[in-house]
2 protein chains.
Amino acid sequence: MNDPLLARFHAVIPAGGTGTRLWPLSRAAAPKFLHDLTGSGSTLIRATYDRLSPLAGERVMVVTGQAHGPAVRSQLPEISDLDLVLEAEPKDSAAAIGLAAAILFRRDPDTIMGSFAADQVIGPVEVFQEAVVEAVHAAAAGRIVTIGIHPTYPSTGFGYIRCGADLGVDGAPHAMHVIEFVEKPDEQVAKDYVESGEYLWNAGMFVAPVSLMLQHLRANEPELAAGVERIAAAWDTPERDAVAAEVWPSLPKIAIDYAVAEPAAAAGDVAVIPGHFTWDDVGDFAALGRLNPAADASGMTVIGDSARVYVDGASGIVVSDTRRVIALIGIEDVVIVDTPDALLVTTKDHAQQVKGAVEALKAHGETDVL
Amino acid sequence: MNDPLLARFHAVIPAGGTGTRLWPLSRAAAPKFLHDLTGSGSTLIRATYDRLSPLAGERVMVVTGQAHGPAVRSQLPEISDLDLVLEAEPKDSAAAIGLAAAILFRRDPDTIMGSFAADQVIGPVEVFQEAVVEAVHAAAAGRIVTIGIHPTYPSTGFGYIRCGADLGVDGAPHAMHVIEFVEKPDEQVAKDYVESGEYLWNAGMFVAPVSLMLQHLRANEPELAAGVERIAAAWDTPERDAVAAEVWPSLPKIAIDYAVAEPAAAAGDVAVIPGHFTWDDVGDFAALGRLNPAADASGMTVIGDSARVYVDGASGIVVSDTRRVIALIGIEDVVIVDTPDALLVTTKDHAQQVKGAVEALKAHGETDVL
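Predicted model, so just to flag it, every value in this text is computed and none were measured. (Residues numbered from 1 in each chain as written. Chains lettered and ligands numbered in written order. Predicted model: local features only at pLDDT ≥ 70, side-chain atom pairs only at ≥ 80, totals over all residues. Heavy atoms only, no water.)

**Remarks on the packing of aromatic side chains**
All names here are of chain A.
Alright, step 1. Counted according to the given criterion, the structure contains 16 aromatic pairs over all chains.
Alright, step 2. Through a chain of ring-to-ring contacts, the aromatic side chains of Tyr 153, Phe 158, Trp 201 and Trp 279 assemble into a single cluster.
Alright, step 3. One residue, Arg 51, lies across the ring of Phe 128, its end atom 5.6 Å from the ring centre. (Phe/Tyr/Trp six-rings, centres within 6.5 Å; stacked < 30°, edge-to-face > 60°. Lys NZ or Arg CZ within 6 Å of the ring centre and 35° of its normal.)

**Here we look at the packing of helix α3 (residues 92–107) of chain B against helix α7 (residues 222–235) of chain B**
Residues and elements named next belong to chain B.
Alright, step 1. Between α3 and α7, whose axes approach to 8 Å, the crossing angle comes to 45°. As far as their axial angle goes, α7 and α3 are oblique. Helix-helix and strand crossings are classified by hand; for α3 and α7 the assignment is right-handed. Taken together, the residues of α7 that come into contact with α3 (itself represented by Ala 94, Ala 95, Gly 98, Leu 99, Ala 102, Ile 103, Arg 106 and Arg 107) are Leu 224, Val 228, Glu 229, Ile 231, Ala 232, Ala 233 and Trp 235.
Alright, step 2. Looking at the contact of α3 with α7 residue by residue, the class counts come to 11 nonpolar, 1 polar and 3 charged. (Axes fitted to C-alpha atoms, helices over the stretch in contact; angles between N-to-C directions. Helix = DSSP H or I, 4+ residues; strand = E, 2+ residues; numbered from the N terminus. Parallel < 35°, antiparallel > 145°, perpendicular 65-115°, else oblique. Left-handed = near helix turned anticlockwise from the far one by under 90°. Contact = heavy atoms within 4.5 Å. Nonpolar A, V, L, I, M, F, W, Y, C, P; charged D, E, K, R; others polar.)

**As for helix α4 (residues 125–140) of chain A**
Residue and element names in this part refer to chain A.
Alright, step 1. Helix length check: α4 (16 residues) gives 23 Å between terminal C-alpha atoms against 22 Å at 1.5 Å per residue, within 8%.
Alright, step 2. All of the buried residues in α4 are Phe 128, Gln 129, Ala 131, Val 132, Val 133, Glu 134, Ala 135, Val 136, His 137, Ala 138 and Ala 139.
Alright, step 3. Once α4 ends, the next one or two residues include Gly 142, with phi positive near 95°. (Expected span 1.5 Å × (residues − 1). Buried < 20%, exposed > 50% of the residue type's maximum accessible area, 1.4 Å probe, protein only.)

**Examining the domain arrangement of chain A**
Residues and elements named next belong to chain A.
Alright, step 1. Looking at chain A, the domain boundaries give domain 1 (4–280) and domain 2 (288–369).
Alright, step 2. Between the C-alpha centres of domain 1 and domain 2 there is a distance of 30 Å.
Alright, step 3. Contacts between domain 1 and domain 2 engage 11 residues on the former and 20 residues on the latter.
Alright, step 4. Buried area between domain 1 and domain 2, both sides added, is near 1500 Å², and the carbon and sulfur share of it is 64%.
Alright, step 5. Looking only at domain 1, the three residues that lose the most surface to domain 2 are Arg 21, Trp 23 and Arg 27, adding up to 45% of its buried area.
Alright, step 6. Viewed at the interface, domain 2 and domain 1 are joined by 2 salt bridges.
Alright, step 7. For the salt bridge of Arg 27 with Asp 341, the shortest nitrogen-to-oxygen distance reads 3.0 Å.
Alright, step 8. Taken together, the links from domain 1 to domain 2 amount to 7 residue pairs in polar contact (both at pLDDT 80 or more).
Alright, step 9. A breakdown of the residues in the side of domain 1 that touches domain 2 according to their chemical character gives 5 nonpolar, 3 polar and 3 charged. (Domains from an automatic or database assignment. Buried area = accessible area lost by both parts, 1.4 Å probe. Salt bridge = Lys/Arg side-chain N within 4 Å of Asp/Glu carboxyl O. Polar contact = N/O pair within 3.5 Å; in protein donor to acceptor, adjacent residues only side chain to side chain.)

**As for the interface of chain B and chain A**
Alright, step 1. Listed per partner, the contact involves 34 residues of chain B and 34 residues of chain A.
Alright, step 2. Here chain B packs against chain A, burying approximately 2700 Å² in sum over the two surfaces, 60% of which is carbon and sulfur.
Alright, step 3. Across the chain B-chain A interface, the total number found is 6 salt bridges.
Alright, step 4. One salt bridge connects Asp 368 of chain A with Arg 308 of chain B, and the closest N-O pair in it is separated by 2.8 Å.

**Section: the side chain of Thr 38 of chain B**
Alright, step 1. Tracing the backbone through its elements, the reader meets Thr 38 of chain B in the loop between β1 (9–15) and α1 (44–56).
Alright, step 2. The residues touching Thr 38 of chain B, leaving out its near neighbours within four places in the chain, are Leu 44, Val 121, Leu 291 and Asn 292 of chain B.

**Re the sheet that holds strand β16 (residues 334–338) of chain B**
Alright, step 1. Spatial ordering of the open sheet is given by β13(A)-β15(A)-β17(B)-β16(B)-β14(B)-β12(B), a layout of 6 strands whose pairing is mixed. In the strand order of this sheet, the two ends are held by β13 (308–312) of chain A together with β12 (300–303) of chain B, each with one partner. Neighbouring strand axes in the sheet, compared pairwise and without regard to direction, differ in orientation by 10° on average.
Alright, step 2. With 4 bridges connecting them, strand β15 (residues 325–329) of chain A and strand β17 (residues 342–347) of chain B associate as parallel partners. Following the sheet pairing, Ala 327 of chain A is matched in β17 of chain B by Leu 344 of chain B. (Pairing = 2+ DSSP bridges.)

**Considering the pattern of salt bridges**
Alright, step 1. Per the stated rule, a full pass over the model turns up 34 salt bridges over all chains.
Alright, step 2. Between Arg 162 of chain A and Glu 198 of chain A there is a salt bridge, with the nearest N and O atoms lying 3.7 Å from each other. Separated by 36 residues along the polypeptide, Arg 162 of chain A in strand β7 (residues 160–166) and Glu 198 of chain A in the loop between α5 (187–196) and β9 (199–209) bring together distant segments of the chain.
Alright, step 3. Of the residues examined, Arg 162 of chain A reaches a relative accessible area of 28% and is grouped as partly exposed.
Alright, step 4. Glu 246 of chain A is the partner of Arg 230 of chain A in a salt bridge, and the nearest nitrogen-oxygen pair spans 3.1 Å. Of this pair, Arg 230 of chain A sits in helix α7 (residues 222–235) while Glu 246 of chain A sits in helix α8 (residues 240–247); the two residues are 16 residues apart in sequence, bridging distant segments of the chain.
Alright, step 5. Arg 230 of chain A gets classed as partly exposed once you look at its relative accessible area, which sits at 45%.
Alright, step 6. Through salt bridges with shared partners, a single network forms among Arg 324 and Asp 338 of chain A together with Arg 324 and Asp 338 of chain B.

The structure is reproduced here in structure tokens:
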């Protein structure tokens, strides 16, 4: 991409969350973004990087947990230490994205940041990239710009973005004003949203001038803003670790949606680019089945190079990172996740309940497998 | 038991078969009779021994595969080497029981043998033992005596015994002539059998004078009879191993039912004692569920001391000999068998199809887990 405005663009990849609904494949020590969940040969975070680097060049920052530093370095050797932000403890998205904004602001106050989660599956890549370029242009006009996904069904699992009038910015022909962000709706409301044509899915993607991000953060979460700016001041100095260790634990835990996006939308500062690419946040094993269609008529998807699976009258998905023989007989839409120390057996219809299992295991002290 | 006739009684426990329908719990290297499948604290073969030793004292012989010698010795330390018959290769039941009969005949031609498979679950033990004592009395009157199980439903999975007139032997008040043995019937025939009141299940239990067993074996399978008598002649001598190694592999493979029981019944030499005890040959995982009722209202049976099982809206049976955490969500009547190198996931309704899985795995060369 050779749009000159991209010289100001710096991609940020927040890589947090353990992907509890994908347990025991995804877990605290090996969250989902470190796995190749689509059979593409790339892990989710690697695919995210590869989607953004044609736009951002070497200007890609990753914000992740301290424990995942080595794995991220190994999967993304291009990332310099200056652009690898390691959190001593999880502080939700406002602290992660706010710190990235503050660091980037100190390096160059004209930077336009684009924040894209590490665990999303998107295609075609070119359509996504075109939307990002439009978003950068709209951001340069002084907006916080989200990319909203054109809904393909009335999902009750996502939040929605209500679109308003065209923004009318050069280089961003599809940009619209955002009237409001709305929480996950019930089914009837979701149907109404989709039929109206006025709503897009909120995929949590934000492109914005770092200065504008910080301005809204200061207005809504002054303590958080002051904290990340203090850490940012020390970031490219020898005091980085000491200051971060002192300040980070004290920061409030809040999502960027509440700390910035919603109040900024209320203030009329948010725009949206409609995204006509496919998008999946691989929220559960049912999603994994969708993203990995069965290779043959049997209707059974097997993920795992060394899996030895025997199937008789069964369909669904098997994820294996062991060498065990697995025999499946007579269950439709089954989900089997076979790991060395934990086994999940459920069905696609119950994929959302995996989170409850993890919570119950935690309550029972089975933390060694979480 | 102090019936004086029991001084002539010698129990024989054929312990063969791998229990393919219980794979991967039961397998070639660790067949089902070596497992505690009922949660009683005893393995199936240990429970079989404990059921018979009050009748037979130390006169209990086990016939099993060479590979299982160490496990049987460990589980039944009371068995002397003279009474542990190890087969170099499986030869079906006629060779196993015939060799036992021939060895016992050479030690004492008046011996009454009783053959009881190693993998059956029976109760109450006292009711079983009373039936055996009657069978010994009927055998002493010159019969091959089977113990037939009073059918509790029209099973199509068992063969049946058609009973005739009372035998009229002292000490065996319930003994009847056997008119014929019949193969596994279809459902309608099974219903007719059960309604008639004339049929019992054939549980493969035989009590007979060893001389009479050998007489029928010689008449019907002369080559087999000559072979086992040659091995028996060398059994209690230093030549045992050499002769067994030479002769055993040449013996025909045939079930005792065809080699002795059916022709003897046609000759009018077979009697039956009706058994009013419960009896299960633990043929598949559905049987395992019946024998191990769920401990609580959840309807989930867990077998395995160290299993860590989390259940949400699921019922059925989990057999685990690993330390893995197992989470089960939303499947009714599920069957999970979790072993270090193989995993089975199916339902109780499909329990019989496990055999097909094992055959398919064999055909695919996955013999390391069979």
